[in-house]
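# Geometric and topological summary
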Amino acid sequence: MISVNVSDVEARWRPLTSAERPIAETLIGDSIDILLTRWPSLEGHVNSGSVRNATVVRVVSNMVRRAMLNRDAEGVSQIQDTTGPFSQGVTYANPNNNLYLSADEVAIFDLLCPSAPRMRNGWLA
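Keep in mind the model is a prediction, meaning the values are calculated, not measured. (Residues numbered from 1 in each chain as written. Predicted model: local features only at pLDDT ≥ 70, side-chain atom pairs only at ≥ 80, totals over all residues. Heavy atoms only, no water.)

### Regarding the nonpolar core
By size, the foremost hydrophobic cluster in this structure holds 27 residues, and its most contacted members are L35, L42 and V56. Of all the elements in the fold, those that place two or more residues in this core are α1 (6-12), α2 (20-38), α3 (42-48), α4 (53-68) and α5 (103-112). The leading source of residues in this core is α4, at 8 residues. With sequence-adjacent residues up to four places away left out, L42 is seen in contact with I2, L35, L36, V51, V56, F109 and C113. (Core = buried A, V, L, I, M, F, W, Y, C linked by side-chain atoms within 4.5 Å. Buried < 20%, exposed > 50% of the residue type's maximum accessible area, 1.4 Å probe, protein only. Helix = DSSP H or I, 4+ residues; strand = E, 2+ residues; numbered from the N terminus. Contact = heavy atoms within 4.5 Å.)

Next up, the structure:
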(Lines give C-alpha, C1' and ligand atoms only; values in the text may rest on other atoms or scores of the structure.)
Protein backbone atom coordinates (compact mmCIF):
# COMPACT_ATOMS: atom_id res chain seq x y z
CA MET A 1 0.00 0.00 0.00
CA ILE A 2 1.28 3.46 -0.88
CA SER A 3 1.80 5.43 2.30
CA VAL A 4 2.89 9.08 2.37
CA ASN A 5 2.14 11.57 5.13
CA VAL A 6 2.85 15.17 6.07
CA SER A 7 5.84 14.23 8.21
CA ASP A 8 7.49 12.80 5.06
CA VAL A 9 7.16 16.20 3.37
CA GLU A 10 8.47 17.97 6.48
CA ALA A 11 11.47 15.63 6.72
CA ARG A 12 12.49 16.55 3.18
CA TRP A 13 11.71 20.25 3.36
CA ARG A 14 10.85 22.11 6.57
CA PRO A 15 8.33 21.99 9.44
CA LEU A 16 4.89 23.05 8.23
CA THR A 17 2.61 25.43 10.07
CA SER A 18 -0.76 24.32 11.36
CA ALA A 19 -2.35 26.18 8.43
CA GLU A 20 -0.10 24.43 5.89
CA ARG A 21 -0.58 20.87 7.17
CA PRO A 22 -4.13 20.37 5.78
CA ILE A 23 -3.02 21.81 2.43
CA ALA A 24 -0.10 19.36 2.35
CA GLU A 25 -2.43 16.45 3.21
CA THR A 26 -4.70 17.34 0.31
CA LEU A 27 -1.75 17.74 -2.06
CA ILE A 28 -0.36 14.36 -0.98
CA GLY A 29 -3.65 12.71 -1.89
CA ASP A 30 -3.74 14.56 -5.21
CA SER A 31 -0.12 13.60 -5.96
CA ILE A 32 -0.80 9.92 -5.30
CA ASP A 33 -3.86 10.16 -7.54
CA ILE A 34 -1.70 11.64 -10.32
CA LEU A 35 0.77 8.76 -10.00
CA LEU A 36 -1.96 6.09 -9.99
CA THR A 37 -3.70 7.71 -12.96
CA ARG A 38 -0.46 7.75 -14.92
CA TRP A 39 0.74 4.30 -13.78
CA PRO A 40 -2.40 2.32 -12.82
CA SER A 41 -0.44 -0.72 -11.62
CA LEU A 42 1.97 1.28 -9.45
CA GLU A 43 0.26 0.33 -6.19
CA GLY A 44 0.53 -3.34 -7.14
CA HIS A 45 4.25 -2.86 -7.79
CA VAL A 46 4.63 -1.21 -4.36
CA ASN A 47 2.65 -4.01 -2.69
CA SER A 48 4.80 -6.69 -4.35
CA GLY A 49 8.02 -4.89 -3.44
CA SER A 50 9.17 -4.34 -7.03
CA VAL A 51 8.84 -0.58 -6.40
CA ARG A 52 9.85 0.70 -2.99
CA ASN A 53 7.37 2.86 -1.10
CA ALA A 54 10.36 5.10 -0.25
CA THR A 55 10.65 6.02 -3.93
CA VAL A 56 6.97 7.01 -4.03
CA VAL A 57 7.39 8.97 -0.77
CA ARG A 58 10.33 10.90 -2.24
CA VAL A 59 8.53 11.76 -5.46
CA VAL A 60 5.24 12.71 -3.77
CA SER A 61 7.10 14.83 -1.20
CA ASN A 62 8.89 16.68 -3.99
CA MET A 63 5.63 17.25 -5.86
CA VAL A 64 4.01 18.70 -2.72
CA ARG A 65 7.03 20.87 -1.90
CA ARG A 66 7.07 22.33 -5.43
CA ALA A 67 3.36 23.10 -5.20
CA MET A 68 3.74 24.82 -1.81
CA LEU A 69 6.86 26.91 -2.50
CA ASN A 70 5.06 29.96 -3.86
CA ARG A 71 1.88 30.00 -1.73
CA ASP A 72 2.33 33.68 -0.71
CA ALA A 73 2.37 34.94 -4.29
CA GLU A 74 0.15 32.45 -6.09
CA GLY A 75 -0.34 33.41 -9.72
CA VAL A 76 2.62 35.82 -9.71
CA SER A 77 5.15 34.71 -12.28
CA GLN A 78 7.70 37.49 -11.90
CA ILE A 79 8.64 40.28 -9.47
CA GLN A 80 10.92 43.18 -10.37
CA ASP A 81 12.19 45.78 -7.87
CA THR A 82 14.29 48.81 -8.77
CA THR A 83 15.76 51.36 -6.39
CA GLY A 84 18.04 53.95 -7.92
CA PRO A 85 20.66 52.21 -10.05
CA PHE A 86 20.00 48.82 -8.46
CA SER A 87 17.44 46.29 -9.60
CA GLN A 88 16.50 42.80 -8.58
CA GLY A 89 14.21 40.33 -10.31
CA VAL A 90 12.65 37.03 -9.35
CA THR A 91 10.95 34.61 -11.71
CA TYR A 92 8.93 31.79 -10.16
CA ALA A 93 9.30 28.32 -11.66
CA ASN A 94 5.76 27.24 -10.66
CA PRO A 95 3.70 30.43 -10.26
CA ASN A 96 0.35 28.62 -10.12
CA ASN A 97 1.46 26.06 -7.52
CA ASN A 98 0.64 23.15 -9.81
CA LEU A 99 1.40 19.56 -8.89
CA TYR A 100 3.65 18.07 -11.53
CA LEU A 101 6.20 15.35 -12.15
CA SER A 102 9.65 16.30 -13.33
CA ALA A 103 11.04 14.53 -16.39
CA ASP A 104 13.42 12.59 -14.09
CA GLU A 105 10.52 11.42 -11.93
CA VAL A 106 8.58 10.23 -14.98
CA ALA A 107 11.69 8.35 -16.13
CA ILE A 108 12.00 6.67 -12.69
CA PHE A 109 8.49 5.24 -12.80
CA ASP A 110 8.71 4.34 -16.47
CA LEU A 111 11.82 2.32 -15.58
CA LEU A 112 10.41 0.78 -12.38
CA CYS A 113 7.00 -0.05 -13.85
CA PRO A 114 7.92 -1.23 -17.36
CA SER A 115 4.90 -3.48 -17.63
CA ALA A 116 2.54 -0.87 -16.27
CA PRO A 117 0.29 0.70 -18.87
CA ARG A 118 0.87 4.41 -18.62
CA MET A 119 -1.66 7.09 -19.42
CA ARG A 120 -0.05 9.52 -21.83
CA ASN A 121 -1.24 13.00 -21.07
CA GLY A 122 0.25 16.43 -20.63
CA TRP A 123 3.52 17.83 -21.80
CA LEU A 124 5.60 15.03 -20.25
CA ALA A 125 3.80 12.28 -22.17
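From this point, things continue past the structure.
### A closer look at the packing of aromatic side chains
Under the definition given, this model contains 1 aromatic pair. Between R14 and the ring centre of W13, over which it is positioned, the NZ or CZ distance is 4.3 Å. (Phe/Tyr/Trp six-rings, centres within 6.5 Å; stacked < 30°, edge-to-face > 60°. Lys NZ or Arg CZ within 6 Å of the ring centre and 35° of its normal.)

### A few points about the confidence of the model for the chain
Of all residues in the chain, 86% attain a pLDDT of 70 or more, and the chain-wide mean is 87. Put simply, strand β2 (residues 86-91) is where the chain has its lowest mean pLDDT, 85, and α1 is where it has its highest, 98. (pLDDT = per-residue confidence, 0-100.)

### Observations concerning the pairing of β2
The element β2 is barely covered by neighbouring structure, given that only 0 of its 6 residues are classed as buried. Relative to β2, strand β1 (residues 78-83) is paired through 6 bridges, and the arrangement is antiparallel. Bridge pairing in β2 places I79 opposite V90. Between β1 and β2, which follow one another and run antiparallel, lie 2 residues, and G84 among them has a positive phi close to 60°. (Pairing = 2+ DSSP bridges.)

### Re the environment of A93
In this fold, A93 is placed in the loop between β2 and α5. Residue class for A93 comes out exposed when judged on its relative accessible area of 78%. Sequence separation of A93 and Q78 is 15 residues, and the distance between their C-alpha atoms is 9.3 Å.

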